[in-house]
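Coordinate analysis (summary)
One-letter residues, chain by chain:
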Amino acid sequence: MREAILKVFRGTPVEAGKFITYKVPVEEGMVVLDAIHYIQGYLDPELSVRWNCKAAKCGSCSAEVNGDPSLMCKTRMDQFAEGEEITIEPIKTFPLIKDLVTDVSFNYEVNKQIPPFCPADDATWIFKQEDIDRVQEFRKCIECFLCQDVCHVLRDHERKDAFWGPRFFVRSAGVEMHPLDCGNRIPLLEEQGGLGFCNITKCCTEVCPEEIHITDNAIIALKERVVDEYHDPLAALLRRVFKGK
Amino acid sequence: MANYEIHEYDVLVVGAGGAGLRAAIEASAQGVSVALVCKSLLGKAHTVMAEGGIAAALSNVDQQDNWETHFCDTISGGKHLNNWRMAQLHAQESPERVRELERWGAVFDRTSDGQILQRAFGGHKWKRLCHVGDRTGLEMIRTLQDRGVHQGISVYMECTITRLLKDGEKIAGAFGYFRQDGRYVVFKAKAVVLATGGAGRSYPVTSNSWEYTGDGHALAYEAGADLIDMEFVQFHPTGMVWPPGVRGLLVTEGVRGEGGLLRNNAGERFMFRYLPESTRKDYAENEEESKRWVDAVLKGAKTEARRPPELSTRDNVARAIYLEVKEGKGTPHGGVFLDISYLNSERVKKKLPSMYQQFKDLADVDITKQPMEVGPTMHYMMGGVRVDADTAATRVPGLFAAGEVSGGMHGANRLGGNSLSDLIVFGRRAGAGAAEYAAGQEDRLQVSEDQINAAAEELEAPLTKKGGSSPYELQRSLQEIMGEHVGIFREDAVLAAGIAKLEEIKEELKTVSISGSKLYNPGWHLCRDLKNMIICSEAIARSALARTESRGAHSRLDYPDTDPEQAKFNIAISRLDGVMKLEKTPRPEMPADLKKLFEKKEQTNA
Amino acid sequence: MNQTTTSPVPAKLGATSRSNAWLIEPAVIFCGFALFVCYVTWRALYDWQYIEWGPYLSPFFSPKLIFPGWQWSPAILLLWEPAAFRATCYYFRKAYYRALFLDPPACAVGHLGGHKYTGENRFPLILQNVHRYFLYLALTVLALLWVDAFVACSYRGHIRIGVGTVVLTVNCLLLSFYTCGCHALRHLVGGRLKCFSCSTAAHGQFKIWQCVTRLNERHALWAWTSLGTVAFADFYVRMLAAGVWTDISLLQL
């Protein structure tokens, strides 16, 4: 049976991290998470990892496999060459807890700041599929936080103090574009969410396991709404004229 | 003396899937303080794996539908073993609960006139499942999660509850640990709602995640509640069978709801042969009629044609697939073919996007071009904690249960789509019940240090031992026993042998040891989870041995027929002097007005 | 718990665990930019005597502006507009933030910067937000280029389709795909609405939005191909004007 060589990051916040190499037998159709489970079950029961559904539906097993932010349950072992060392590290943007597990509580804090969906009191609840195709794309998000991990504003510039990250622009877009929503989250997105920090380098879209067009459909759409309210004198003038009526 | 932190709330909800979240939202809305505890991160609960839809008689697509028909379908599907009151409340309230989700921001697929779209599912007479493509559970959990967050519920993530604390007979809180660093925590609470889901991890082939270790079943059992219908374990007919790493992974019933066909290796639509006489007339007679039904679904048109036999109830389809494979008519990897590739590929991708992705990414199968290979996978526990239908209260004062961990709602077999609606209907009722109960309790309850110390000692034990069995090894043995002895088909001697083996495992659990610290140590976590799994497994095996008939998901080779006499009782399990006690408890009689609904159904069918 | 991070990869330029060839994409894009900028600079500033041949006008020099006393290249008066349109384009922003500013050079690859980063919040990058105004100008320029392509269909009073006509038309087509797939346009024609089915007018906007969306999905493709065709169209006209190439007539009436 073919064997794979896995270099897995092990460490805690207090002791320096190191890579430990494991040899794992490879079965047909195996994914990286299976290999990690093999290590847990047979080689090292202490290896920490988060996982739940093993079907790319819950977004728990995010890690960096050979440096690529990915879901371990979706990363096939047969894409690696025979004898290739496979490096597995925790996602880098969030503080380490242990081994492959990180503290992602930042994301839950940000989520609380987004004003909820607010329908009009007299809404009829009749709307068409064409109205919600956009929103449904955003609601596919499984909160794996890979976009948060790869976004350089959080990852390298460490602007967690002023920037919500792609996941929460997607989430905001999901409520903002709901056909029955009557809220306006644009000022909040601009002033607290830090939408202007995004320089649309699209890494979030590249890593999204749900293939959500984060940048094109959510972030840029929101940025254009910000332009409407903040940077477009013509739009401001038109608003004033129509309000005057 | 154990070190621990203390938190005080009126209501503690254990489990943050659909039922737990809905219960927490309801309790909080009633004005009591609520804590929500979950083993994983918030929003990762098993509910996200629910794909096909929520059953609710909105009659948006099939106008003939109503709650009475939904009620009858549920009872028939459950082989008349359901708690009639639960089935009634479920059928009556699910439409309102679905509308409520929509008001909270859930975005369901639409009909052409802008209403919530509904699709067909096994055992449902009409198109009844409100859905969002094939990720309905995710939509539901996200909606509830966001609702809960803005309602001020305190959420404790990655926290495992290992013991319910009592003050005399009453529930007084719960003890647990944080997975992250192993620190202990005591929640003082007047009422506890269990919403912990099922116990699929005791089986080798399952669609369930690691969290499904029967925690709530075991907590309730140890606290003095009784478990009913534990013999009824649902094997979902369509799990992936290949490649090995994804064996058991769920393939939504939505595939069949959209027109997916089951075939054996000879290309035969074998399901025509497996329809039970009692329901045969609800299904298409031949391929031509079945095709007319599918064509009507595609056009969104009405039809006189009856649904394809693939949409029979899950117990029946699972057995059929099992037998086909056993008779050598299976696929190369030991499943049967499920084919949707004859439909327009754009439609398949639109209606079943995550199935398309799942097979493409994990099995190199393009479901728009090739058939899938599927086989049964352990999916759901019909049995669980016995509760009062209206308030979800168990027989332990202050203890409530909702969702998969509760028993009675689904009888001997659950219909697809009825679990998501179960979660929100009874999640809400449990939240309301717990809040009302908590508000009626005047003083803070007292928890003795002994209980806490005992719970802490139990957790410490595997860390202090050396050279015992590995918890992973033990879990593999347990899974093997359950797969071999308590699978789809059961038999007296095989079950008895299984129970004997479970007794051995129970002994072995006492010696289990693990190295390392308490810092996010999954091996250590598993040691405690194993105890719950073993309790559930034993309850399943003992109940299965006691029910000497075949009914719904419980198929006995030595008693192949359904025995009407055995519809009169539930098998209840409780703890007496530390030992599992079995009791046959009479089922509540269905009132005459509900019984009449079945007579009416017979007449329309005749 | 102590919250210090022992991050496995230190953040410095180019630091990454990625083992695949992440450098290729920014390198290719850098070369593409370099090539184009060199060519345009040479043509606009040093080689601007060749701007037209027969009915063909180079897109770099359209519309033909002649002012008495202006003795520099007319391209100076014209090229700032497409340059600004493309510089503020959402696709090109991604391309040059990565390939030129190395912020970041590629996904999950370390770069310089640090906490002082301000993104597009401060001058000058806050000006990216006026993209839609350059879009309005770009649509005008595009209309003029279509006029040029139309003019290129006749020569000395006769209808004549030459290779040059095809070149100019293909260029206009790709420029249209690029310009009409603009993210700002997508927002303005319908994306800004919350509800598409709530009125007849909104539904009409939805239909336009769908068309723009379809083009927008390939925005990067149109961005580069149109950059290529516009350079080639100019080069073709230049070679005719310089008498190096002769235009082949495909149809003459």
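Residues numbered from 1 in each chain as written. Chains lettered and ligands numbered in written order. Predicted model: local features only at pLDDT ≥ 70, side-chain atom pairs only at ≥ 80, totals over all residues. Heavy atoms only, no water.

Considerations on the interface of chain C and chain A
Contacts between the two partners involve 56 residues from chain C and, on the opposite side, 65 residues from chain A. Summed over both partners, the interface of chain C with chain A comes to about 4900 Å²; 51% of that surface belongs to carbon and sulfur atoms. Close ionic contact of glutamate 206 of chain A with arginine 98 of chain C constitutes a salt bridge, the shortest N to O distance being 2.8 Å. Here chain C is connected to chain A by 38 residue pairs in polar contact (both at pLDDT 80 or more). Grouping the constituent residues of the side of chain C that touches chain A by class yields 21 nonpolar, 24 polar and eleven charged. (Contact = heavy atoms within 4.5 Å. Buried area = accessible area lost by both parts, 1.4 Å probe. Salt bridge = Lys/Arg side-chain N within 4 Å of Asp/Glu carboxyl O. Polar contact = N/O pair within 3.5 Å; in protein donor to acceptor, adjacent residues only side chain to side chain. Nonpolar A, V, L, I, M, F, W, Y, C, P; charged D, E, K, R; others polar.)

Some details on the sheet that holds strand β20 (residues 569–576) of chain B
Residue and element names in this part refer to chain B. Taken in spatial order, the five strands of this open sheet run β17-β15-β10-β20-β21, and their pairing is mixed. Both edges of this open sheet fall to β17 (406–407) and β21 (579–586), since each of them pairs with a single strand only. Examined bridge by bridge, strand β15 (residues 384–386) and β17 share two bridges and lie parallel to one another. Looking across to β17, one finds that arginine 386 is bridged to glycine 407. Strand contacts of helix α5 (residues 215–223): β10 (227–228), β15, β20 and β21, with the helix running at about 65° to β20, the strand carrying the most contacts. (Pairing = 2+ DSSP bridges. Helix = DSSP H or I, 4+ residues; strand = E, 2+ residues; numbered from the N terminus. Axes fitted to C-alpha atoms, helices over the stretch in contact; angles between N-to-C directions.)

Focus: the pattern of salt bridges
Applying the stated criterion across every chain, the model contains 95 salt bridges over all chains. A salt bridge links aspartate 44 of chain A to arginine 10 of chain A, with the nearest nitrogen and oxygen atoms 2.5 Å apart. A residue pair is termed long-range when its members are at least 10 positions apart, and aspartate 44 of chain A in the loop between α1 (32–43) and β3 (62–65) and arginine 10 of chain A in strand β1 (residues 3–10) qualify at 34 residues. The pair formed by aspartate 44 of chain A and arginine 10 of chain A is uniform in burial state, with each residue classed as buried. The partner of glutamate 139 of chain B in a salt bridge is arginine 135 of chain B, and the shortest N-O contact between them spans 3.1 Å. Considered together, glutamate 139 of chain B and arginine 135 of chain B belong to a single accessibility category, that of buried residues. Connected through shared salt-bridge partners, Arg163, Glu222, Glu458, Arg528 and Lys531 of chain B make up one network. (Buried < 20%, exposed > 50% of the residue type's maximum accessible area, 1.4 Å probe, protein only.)

Concerning the domain arrangement of chain B
Residues and elements named next belong to chain B. Per the domain assignment, the segments making up chain B are domain 1 (4–52 + 75–106 + 135–235 + 379–440) and domain 2 (239–378). Computed over C-alpha atoms, the centres of domain 1 and domain 2 are 31 Å apart. Listed as interface residues are 23 residues of domain 1 and, on the opposing side, 16 residues of domain 2. Interface area, domain 1 with domain 2, both sides summed: about 1500 Å², of which 61% is carbon and sulfur. Summed over the shared surface of domain 1 and domain 2, the result is one salt bridge. The partner of lysine 79 in a salt bridge is aspartate 315, and the shortest N-O contact between them spans 3.7 Å. At the boundary of domain 1 and domain 2, one finds nine residue pairs in polar contact (both at pLDDT 80 or more). For the side of domain 1 that touches domain 2, the elements supplying multiple residues, two or more each, are β11 (233–240) and β14 (372–381). In the side of domain 1 that touches domain 2, the residues fall into nine nonpolar, eleven polar and three charged. (Domains from an automatic or database assignment.)

Observations regarding helix α9 (residues 214–231) of chain A
Of all the bends found along α9 of chain A, the most pronounced is centred on isoleucine 220 of chain A and spans about 30°. With 16 of its 18 residues buried, α9 of chain A lies for the most part within the structure. (Bend = angle between axes of the 7 residues up to and from the residue.)

Overview of the state of the cysteines
All told, the structure shown has two disulfides over all chains when counted by the stated rule. The disulfide partner of cysteine 203 of chain A is cysteine 107 of chain C, and the S-S distance across this bridge is 2.1 Å. Its torsion about the S-S bond being -95°, the disulfide of cysteine 203 of chain A and cysteine 107 of chain C is classed as left-handed. Placement of the pair is cysteine 203 of chain A in helix α8 (residues 203–207) and cysteine 107 of chain C in the loop between α4 (90–99) and α5 (131–151), with the two residues belonging to separate chains. Taken individually, cysteine 203 of chain A and cysteine 107 of chain C each receive the classification buried, so the pair is uniform in this respect. The partner cysteine of cysteine 195 of chain C in its disulfide is cysteine 198 of chain C, sulfur to sulfur 1.9 Å. Disulfide cysteine 195 of chain C-cysteine 198 of chain C: torsion about the S-S bond near 80°, hence right-handed. Exposure remark for cysteine 195 of chain C: the relative accessible area of 9% places this residue in the buried category. For cysteine 198 of chain C, a relative accessible area of 55% corresponds to the exposed category. Free cysteine: cysteine 58 of chain A, not disulfide-bonded; nearest cysteine sulfur from cysteine 53 of chain A at 3.7 Å. Residue classification places cysteine 58 of chain A among the buried residues on the basis of a relative accessible area of 3%. Residue cysteine 31 of chain C stays outside any disulfide, its sulfur separated by 11 Å from that of cysteine 38 of chain C, the closest cysteine. (Disulfide = S-S within 2.5 Å.)

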